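# Coordinates in review
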Amino acid sequence: QVQLVESGGGLVQAGGSLRLSCAASGRTLSRYDMGWFRQAPGKEREFVAAISWSGGTKYYADAAKGRFTVSRDNAKNTVYLQLNNLKPEDTAVYYCAAGRGQSPGFYDSWGQGTQVTVSS
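What this report covers is the structure whose coordinates are included nearby. Predicted model only: the values in this text are computed from it and were never measured.

What follows is about the state of the cysteines. Enumeration over the complete set of coordinates arrives at one disulfide. There is a disulfide in this structure between Cys22 and Cys96, and the S-S distance comes to 2.0 Å. On the sign convention where negative is left-handed, the bridge of Cys22 and Cys96, at about 70° about the S-S bond, is right-handed. With Cys22 in strand β3 (residues 18-25) and Cys96 in strand β9 (residues 92-99), the pair connects residues that are 74 residues apart, well separated along the chain.

Grouped together as the largest cluster of nonpolar side chains are 28 residues, with contacts concentrated most on Met34, Trp36, Leu81, Leu83 and Tyr94. Those elements giving two or more residues to this core turn out to be β3, β4 (34-39), β5 (46-51), β7 (68-73), β8 (78-83), β9 and β11 (114-119). Judged by nonpolar contacts, the second largest core, of six residues, contains Phe37, Phe47, Ala50 and Ala61.

Per the stated rule, a full pass over the model turns up five salt bridges. A salt bridge links Arg100 to Asp33, with the shortest nitrogen-to-oxygen separation between them at 2.6 Å. Here Asp33 lies in the loop between β3 and β4 and Arg100 lies in the loop between β9 and β10 (107-108), a separation of 67 residues in the sequence. Classification of Arg100 by relative accessible area gives exposed; the value is 58%. Two residues, Arg38 and Glu46, come together in a salt bridge whose shortest N-O distance is 2.5 Å. Using a relative accessible area of 8% as the deciding quantity, one classes Arg38 as buried. Each of Arg38, Glu46, Arg67 and Asp90 takes part in a single network of salt bridges with overlapping partners.

Definitions and cut-offs
- Per chain, the residues get numbers from 1 upward, laid out in the order the sequence is written.
- Predicted model: local features are reported for residues with pLDDT of at least 70 only, side-chain atom pairs are reported and counted for 80 or more only, and whole-chain, interface and lining totals are derived from all residues.
- In computing side-chain values, all of the structure's heavy atoms are included and hydrogens and water are not.
- Cysteine sulfurs are considered disulfide-paired once they come within 2.5 Å of each other.
- The numbering of helices and of strands both runs from the N terminus, where a helix is a DSSP run of H or I of at least 4 residues and a strand a run of E of at least 2.
- To define a nonpolar core, start from buried Ala, Val, Leu, Ile, Met, Phe, Trp, Tyr and Cys residues and group those joined through side-chain atoms within 4.5 Å.
- Each residue gets one of three labels from its accessible area relative to the maximum for its type: buried under 20%, exposed over 50%, partly exposed in between, using a 1.4 Å probe on protein chains only.
- We define a salt bridge as a side-chain nitrogen of Lys or Arg found within 4 Å of a carboxyl oxygen belonging to Asp or Glu.

Printed below as a string of structure tokens:
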């Protein structure tokens, strides 16, 4: 399995931006399709965005379309999630994982998560 570490979370005001990173070790990330999920307190983990191993295919949850952008740099073994125009309802722990699709059950090798808090 690949080991994943997320970073880049923090406290930001509504309308602000953050860039999350997901760095891999153990195996090259270029072998894997990758996804981002988030989980708010008391809620289930939900899909945010995904990107194919080459970066050629990307798809997003409706809540992320137009505001979030997923990208990757396989040479740096890192996947990114750019968060723009953040809203208080985006507050959650954000996770990256290796896998495909929109269900958490199709993913493994989860990172530990990074907290994003958006104040109104």
